[in-house]
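Structural features, examined
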Amino acid sequence: MAELIGPRLYSCCNCRNHVSLHDDVISKAFQGRNGRAFLFSHAMNIVVGPKEDRQLLTGLHTVADVYCCECREVLGWKYERAYEETQKYKEGKFILEKSKIVKENW
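The rules we used
- Residues numbered from 1 in each chain as written.
- Predicted model: local features only at pLDDT ≥ 70, side-chain atom pairs only at ≥ 80, totals over all residues.
- Heavy atoms only, no water.
- Core = buried A, V, L, I, M, F, W, Y, C linked by side-chain atoms within 4.5 Å.
- Buried < 20%, exposed > 50% of the residue type's maximum accessible area, 1.4 Å probe, protein only.
- Helix = DSSP H or I, 4+ residues; strand = E, 2+ residues; numbered from the N terminus.
- Lys, Arg positive; Asp, Glu negative; His and termini not counted.
- Salt bridge = Lys/Arg side-chain N within 4 Å of Asp/Glu carboxyl O.
- Polar contact = N/O pair within 3.5 Å; in protein donor to acceptor, adjacent residues only side chain to side chain.
- UniProt positions renumbered as here; feature names shortened; annotations may be inferred.
- Contact = heavy atoms within 4.5 Å.
- Patch = residues over 30% accessible without salt bridge, like charges linked within 9 Å, V, L, I, M, F, W, Y side chains within 5 Å.
- Areas by Shrake-Rupley, 256 points an atom, 1.4 Å probe, with all protein chains shown as cover.
- Charge placed at Lys NZ, Arg CZ, Asp CG, Glu CD.

**Quick word on the nonpolar core**
Inside soluble globular proteins, nonpolar side chains tend to come together where they are buried. Among the nonpolar cores identified, the biggest contains twelve residues, and these are Tyr10, Cys12, Val19, Phe38, Phe40, Ile46, Val66, Cys68, Leu75, Phe94, Leu96 and Ile101. Among the nonpolar cores identified, the runner-up in size contains eight residues, and Ala37, Leu39, Trp77 and Tyr79 belong to it.

Listed below in structure tokens is the structure:
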């Protein structure tokens, strides 16, 4: 009998709450506050904080920090608005920091 294997996931490093699917990774070449970060098209089981303008490496963006809905660990941020035309593709996407997430079902 075949073993059922679920989708590859990323979970909160603190409480193991599922926060994103591996299939939703757009890029692994991003920089977070604490090192490497991944850009995701979707995130789940998170809380989105208040919007604020933040000067990032690629220019000014309106972002909102995202937190695990279980333990409130800050996991990264959501791009709400990009002011540079070349950065518009990030709008509505999520940055999750590699140091804040762990792989599940790999």
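**Focus on the side chain of Glu97**
Residue placement: Glu97 occurs in strand β8 (residues 94-97). It turns out Glu97 is buried and unbridged, and the closest side chain with the opposite charge, Arg33, is 4.1 Å from it. Polar contacts involving the side chain of Glu97 include one to the main-chain amide nitrogen of Arg33, which spans 3.2 Å.

**Quick word on the UniProt feature "domain: Yippee" (unreviewed entry) in the protein**
The sites that UniProt annotates as "domain: Yippee" (unreviewed entry) are residues 8-105. End C-alpha to end C-alpha, residues 8-105 measures 5 Å, and it is 0% helix and 61% strand.

**Some words on the side chain of Ser27**
Take Ser27: it is sitting in strand β3 (residues 25-32). Side-chain polar atoms of Ser27 contact the backbone nitrogen of Ala29, separated by 3.1 Å. Beyond its immediate stretch of four places on either side in the chain, Ser27 contacts Ala37, Phe38 and Leu39.

**Observations concerning a positive patch on the surface**
The grouping of Arg8, Lys28, Arg36, Lys98 and Lys103 at the surface amounts to a positive patch. Looking at the secondary structure, you find Lys98 in the loop between β8 and β9 (101-104). Note on Lys98: relative accessible area 42%, which makes it partly exposed.

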